[in-house]
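# An overview of the molecular structure
One letter stands for each residue in the lines below.
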Amino acid sequence: MKTLEKLFAEKLLRIKAIKLQPANPFTWASGWKSPFYCDNRKTLSYPSLRNFVKIEISRIIQERFGQVDAIAGVATGAIPQGALVADELNLPFVYVRSHPKDHGLENLIEGELRPGMRVVVVEDLVSTGGSSLKAVEAIRNNGCEVIGMVASFTYGFQVSVDAFKAAKVTLVTLTNYEAVLEEALKTEYISEEDVTVLNAWRKDPAHWDVEK
């Protein structure tokens, strides 16, 4: 039987949610350049896969985190997944912006959290961990306890592992970079030449240069 990591990796590859552009790399919010991109938002367009993500995240939350009072989605990628999970678990839902609104109520957190609530954060993807942990900080500043985070995908960079450890946040993911790479190579979604490029990038993603 396939592990959840490999099963979800296979599903992402099937809908072509994994993009490889070594010659025209993606630029992340952190400023890093990457030849690899995981577009989890595509799962929303496939009802059976959307349901799979909802059920698996809900299962992980119930199995790993005990009593949960609310679900928080990280804007913008995890808003729909977080709302679906909150609905499945019949829990309150909020989402956390990257910056407060510049008009109206100028909210950073949209929805209602009461001090003392035990909150699980739902995230789309974790790269450096910066934006994910900003959401955690906002929730904690609201007087709530973040008891964990569940994300669809993580690159597993040491910088993010260290950041989550320092912030004392437990991160659980549906799949990860290694599982996706293994399945992609097995199904010939990528070539050995692609793996060479990816390995070079992986050694030092913060300073990787497509020209080198």
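These lines cover the structure that appears in this document, whether it is placed above or below. Given the structure is predicted, the values throughout are model-derived calculations rather than measurements. (Residues numbered from 1 in each chain as written. Predicted model: local features only at pLDDT ≥ 70, side-chain atom pairs only at ≥ 80, totals over all residues. Heavy atoms only, no water.)

This part is about the sheet that holds strand β10 (residues 171-176). Two modes of strand pairing occur in sheets, parallel and antiparallel, and in both the strands are linked by backbone hydrogen bonds. Taken in spatial order, the six strands make up an open sheet running β7-β6-β5-β8-β9-β10, and their pairing is mixed. Since the sheet does not close on itself, it has two edges, and those belong to β7 (109-110) and β10, each with one partner. Relative to strand β9 (residues 145-154), strand β8 (residues 118-126) is paired through eight bridges, and the arrangement is parallel. Opposite Val 122, over in β9, you have Val 150 as the bridge partner. Where helix α2 (residues 47-65) meets the sheet, its contacts fall on β5 (70-74), β8, β9 and β10, and the angle it forms with β9 comes to roughly 145°. (Pairing = 2+ DSSP bridges. Helix = DSSP H or I, 4+ residues; strand = E, 2+ residues; numbered from the N terminus. Contact = heavy atoms within 4.5 Å. Axes fitted to C-alpha atoms, helices over the stretch in contact; angles between N-to-C directions.)

With that settled, consider the nonpolar core. Among the nonpolar cores identified, the biggest contains 67 residues, and Phe 36, Ile 61, Ile 71, Leu 113, Ile 139, Tyr 155 and Trp 201 are the most heavily contacted of them. Looking at this core, the element that brings in the most residues is α2, giving seven residues. Those residues within four positions of Tyr 155 in sequence are excluded, and the remaining contacts are Trp 28, Phe 36, Tyr 37, Cys 38, Leu 125, Val 126, Ser 127, Tyr 177, Trp 201 and Arg 202. (Core = buried A, V, L, I, M, F, W, Y, C linked by side-chain atoms within 4.5 Å. Buried < 20%, exposed > 50% of the residue type's maximum accessible area, 1.4 Å probe, protein only.)

Here we come to the side chain of Glu 183. With respect to the helices and strands, the residue Glu 183 is situated in helix α6 (residues 177-186). Judged by its relative accessible area of 1%, Glu 183 is buried. One polar contact links Glu 183 to Lys 186, side chain to side chain, over a distance of 3.2 Å. Excluding residues that lie within four positions of it along the chain, Glu 183 makes contacts with Lys 2, Lys 6, Ala 9, Glu 10 and Leu 13. (Polar contact = N/O pair within 3.5 Å; in protein donor to acceptor, adjacent residues only side chain to side chain.)

The subject of this paragraph is the environment of Pro 80. Mapped onto the elements of the fold, Pro 80 is located in helix α3 (residues 79-89). Once the C-alpha coordinates of Pro 80 and Glu 123 are considered, the two residues, 43 residues apart in sequence, prove to be 10 Å apart.

What follows is about helix α4 (residues 130-141). Over its 12 residues, α4 runs 16 Å from end to end, which matches the ideal 16 Å to within 8%, given 1.5 Å per residue. Among the residues of α4, Ser 132, Leu 133, Ala 135, Val 136, Ala 138 and Ile 139 are the ones counted as buried. Elements in contact with the buried residues of α4: β5, β6 (93-96), β7, β8, β9 and α5 (158-167). Once α4 finishes, Gly 143 follows within two positions and takes phi at roughly 85°, a positive value. (Expected span 1.5 Å × (residues − 1).)

For the pair α2 and α3, the least separation of the axes is 9 Å and the interaxial angle reads 60°. Viewed along their axes, α2 and α3 adopt a mutual orientation that is oblique. Classified by chirality, the crossing of α3 by α2 is right-handed. Facing α2, whose interface residues are Arg 50, Val 53, Lys 54, Ile 55, Ile 57, Ser 58, Ile 61 and Gln 62, α3 presents Gln 81, Leu 84, Val 85, Glu 88 and Leu 89. Of the residues contributing to the contact of α2 with α3, the split by class is seven nonpolar, three polar and three charged. (Parallel < 35°, antiparallel > 145°, perpendicular 65-115°, else oblique. Left-handed = near helix turned anticlockwise from the far one by under 90°. Nonpolar A, V, L, I, M, F, W, Y, C, P; charged D, E, K, R; others polar.)

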